[in-house]
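Below are the chains, spelled out letter by letter.
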Amino acid sequence: MRFLLLPHLPAPEKPDHVQLRELVDCAVFAEELGFDAYGIGERHDRPAVSSAPPVILAHIAALTSRIRLFTAVTTLGQLDPLRAFEDYSTLDSLAQGRLDLIVAKGAYPRSSRLFGVTRENQWALLQENYELFRRLWREEKVSWEGRLGRSLTDAEPLPRPYQREVRIWHGAGSNLESADFAARHGDPVFTPNGAGPIGPYAAIVRHYRERWAAYGRDPADALVGAGTAGYFGARTSQEAIARYRPVFEARLAVNRAFDGGSIRFDTVEDWVERGSVLVGSPQQIIEKVLSQHEHFGHELLHLHVDGEVLDRADYLATLELFFAEVAPVLRRELPSRPLEARPGPGRSPGPGPGPGPGPQAG
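Anyway, here's the lowdown on the structure attached to this text.

What counts as what
Residues numbered from 1 in each chain as written. Predicted model: local features only at pLDDT ≥ 70, side-chain atom pairs only at ≥ 80, totals over all residues. Heavy atoms only, no water. Helix = DSSP H or I, 4+ residues; strand = E, 2+ residues; numbered from the N terminus. Rg over C-alpha atoms; globule rule 2.2 N^0.38 Å. Buried < 20%, exposed > 50% of the residue type's maximum accessible area, 1.4 Å probe, protein only. Contact = heavy atoms within 4.5 Å. Axes fitted to C-alpha atoms, helices over the stretch in contact; angles between N-to-C directions. Left-handed = near helix turned anticlockwise from the far one by under 90°. Nonpolar A, V, L, I, M, F, W, Y, C, P; charged D, E, K, R; others polar. Pairing = 2+ DSSP bridges. Expected span 1.5 Å × (residues − 1). Core = buried A, V, L, I, M, F, W, Y, C linked by side-chain atoms within 4.5 Å. Salt bridge = Lys/Arg side-chain N within 4 Å of Asp/Glu carboxyl O. Arc of directions from axis to C-beta.

**With respect to the overall build of the chain**
Then, in step 1: Looking only at helices and strands, the chain has 11 helices and 12 strands in total.
Then, in step 2: Taken over C-alpha atoms, the radius of gyration comes to 20 Å for the chain, in line with the 21 Å a tight globule of 362 residues would show.
Then, in step 3: For the chain, the spread of C-alpha atoms along the principal axes amounts to about 65 × 45 × 45 Å.
Then, in step 4: Expressed as a percentage of the 362 residues in the chain, the buried residues total 53%.
Then, in step 5: Counting contacts in the chain only where the partners sit at least 6 residues apart, residues at least 24 apart contribute 75% of the total.

**Let's talk about the side chain of Ser 178**
Then, in step 1: For Ser 178, the location among the structural elements is in helix α6 (residues 176-184).
Then, in step 2: With residues up to four places along the chain from it excluded, the contact list for Ser 178 reads Trp 123, His 170, Gly 171 and Ala 172.

**Looking at the packing of helix α10 (residues 282-296) against helix α11 (residues 312-333)**
Then, in step 1: Across the interface, α10 lies against α11 with an axial gap of 10 Å and an inter-helix angle of 35 degrees. Crossing geometry of α10 relative to α11 is assigned as right-handed. Residue-level contacts link Pro 282, Ile 285, Ile 286, Val 289 and Leu 290 of α10 to Leu 321, Glu 325, Val 326, Val 329, Leu 330 and Glu 333 of α11.
Then, in step 2: Along the lines of polarity and charge, the residues of the contact of α10 with α11 split into nine nonpolar, no polar and two charged.

**Re the environment of Ser 178**
Then, in step 1: Overall, Ser 178 belongs to the buried group, its relative accessible area being 5%.
Then, in step 2: Taking the C-alpha atoms as reference, Ser 178 lies 8.8 Å from Ile 204; in sequence the two are 26 residues apart.

**Overview of the pairing of strand β1 (residues 2-6)**
Then, in step 1: Of all five residues that make up β1, five are buried, and the element is covered over most of its length.
Then, in step 2: The alternating pattern of β1 places Arg 2, Leu 4 and Leu 6 and Phe 3 and Leu 5 on opposite faces, both of which are buried.
Then, in step 3: In terms of strand pairing, β1 meets strand β12 (residues 300-304) through five bridges, oriented parallel. The residue bridging Arg 2 from the neighbouring strand is Leu 300, located in β12.

**A word on helix α5 (residues 122-138)**
Then, in step 1: For α5, which comprises 17 residues, the first-to-last C-alpha distance of 24 Å matches the rise-based estimate of 24 Å (1.5 Å per residue) to within 8%.
Then, in step 2: Burial analysis of α5 places 13 of its 17 residues in the buried class, which makes it a mostly covered element.

**Some points on the nonpolar core**
Then, in step 1: Within the largest apolar cluster, 77 residues are counted, with the highest numbers of intra-cluster contacts made by Phe 3, Phe 35, Tyr 38, Phe 133 and Tyr 244.
Then, in step 2: Each residue touching Phe 3, except ones within four places of it in the same chain, is listed here: Phe 35, Asp 36, Ala 37, Leu 300, Leu 301, Phe 322, Phe 323, Ala 327, Leu 330 and Arg 331.
Then, in step 3: Ala 179, Val 189, Tyr 201 and Val 205 belong to the second-largest nonpolar core, a separate cluster that totals 16 residues.

**Remarks on the pattern of salt bridges**
Then, in step 1: Applying the stated rule across the entire model yields 25 salt bridges.
Then, in step 2: A salt bridge links Asp 180 to Arg 184; the shortest N-O distance between them is 3.1 Å. With a gap of four residues between them, Asp 180 and Arg 184 both fall in helix α6, about one helical turn apart.
Then, in step 3: Asp 180 is paired through a salt bridge with Arg 211; the nearest N and O atoms lie 2.7 Å apart. On the criterion of sequence distance, the pair formed by Asp 180 in helix α6 and Arg 211 in helix α7 (residues 199-214) is long-range, its members being 31 residues apart.
Then, in step 4: You can call Asp 180 buried: its relative accessible area is 12%.
Then, in step 5: Residue Arg 211 is classed as partly exposed on the basis of its relative accessible area, which comes to 26%.

**Quick word on α10**
Then, in step 1: Over its 15 residues, α10 extends 21 Å from the first C-alpha to the last, a length consistent with the 21 Å expected when each residue adds 1.5 Å.
Then, in step 2: Among all positions in α10, only Pro 282, Ile 285, Ile 286, Lys 288, Val 289, Gln 292 and Phe 296 are buried. Down the axis of α10, the smallest arc covering the buried residues is 165 degrees, so these residues share one side.
Then, in step 3: Where α10 ends, the next residue or the one after it, Gly 297, has phi of about 60 degrees, a positive value.

**Quick notes on unusual backbone geometry**
Then, in step 1: Cis geometry marks the peptide bond from Arg 46 to Pro 47, where omega comes out at 10 degrees.
Then, in step 2: Along the chain, the position of Pro 47 falls in the loop between β2 (37-40) and α2 (53-63).
Then, in step 3: Between Leu 158 and the following residue, Pro 159, the backbone shows a cis peptide bond with an omega angle of -5 degrees.
Then, in step 4: Relative to the assigned elements, Pro 159 resides in the loop between β6 (152-155) and β7 (167-171).
Then, in step 5: The backbone phi angle of Asp 154 is positive, close to 50 degrees, even though this residue is not glycine.
Then, in step 6: Within the element layout of this structure, Asp 154 appears in strand β6.
Then, in step 7: Even without being glycine, Asn 193 reaches a positive phi, approximately 50 degrees.
Then, in step 8: With relative accessibility at 0%, the residue Asn 193 sits in the buried group.

**A closer look at the sheet that holds β12**
Then, in step 1: Taken together, the eight strands give a closed barrel; going around it, the order is β1-β2-β3-β4-β7-β8-β9-β12, and neighbouring strands pair in parallel fashion. The average angle at which neighbouring strand axes cross in this sheet is 25 degrees, direction not considered.
Then, in step 2: Those strands touched by α6 are β7 and β8 (189-191), and its axis lies near 160 degrees from that of β7.

The following block contains the structure:
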């Protein structure tokens, strides 16, 4: 299994420049620990400050050498696809092919309204912009007649990316059509497995695999990533829950203030028992991930660690515990395909950057 770190809960009381710096520092630390990937989400309203993921990820690329750089997610339906290609192709070249994209229509209506995107047109915009973005990545000259967005005539998209094919994951948290769209294009799917019980998320993954086969694709080639609502490991479950309780309470307050109360749990005990959150002893966490894997068959797992609420000692200790006692078992029990970069146009896969510190995936 591969591991993707998503950064901590935003802190509205901190200046934006401090939060941005912390996002970068967290990525450097993630590489040192041994994470396979690090993700920055795109959002254009409070409490987030990550409205420009390619800028943040480019800075991270300059300070790291191994870790893959994910967008989690890119709201491609809200963007000019040509401008998005230019940004991400530049990032891909600077990072020497370490880029993966997760695209989705976005779950925050306040962000969508800034770009004139409505509930009625958001899905069609995402589909159209995806199709154009793919062509811009693959072709050196593109003509395109847009139905909802821009049109192009003999456009030369520059710079050319490092990777011949960028891996685009499709975020699918509530929409079966997203899973079908991913399967139709032969792309991986990523389910957030977030605020509620895992049942609806598992149904999306089942639908993805069914549609993958229906399109005549080899079932073994389907690729799934899944999220978690949070992580905190400790030596005992009692200690883990006690130390995680302030994180849950802060998370719940922010969710109800900014995101409409999508978290359906009122107590941390219920959250741990019925939700996707990984809180407990190392063995409990291993067993819960293995149980979730029975539903998802996922090869990429994202961890969300709220370092903003935890004190620094607890934050470091719980991540170190994960890589000392949890990650090695999951890598052994759940082998996965590599995430490393593919060579760009006309390039052969040279030695590239070194593996960096930390355990490597099996």
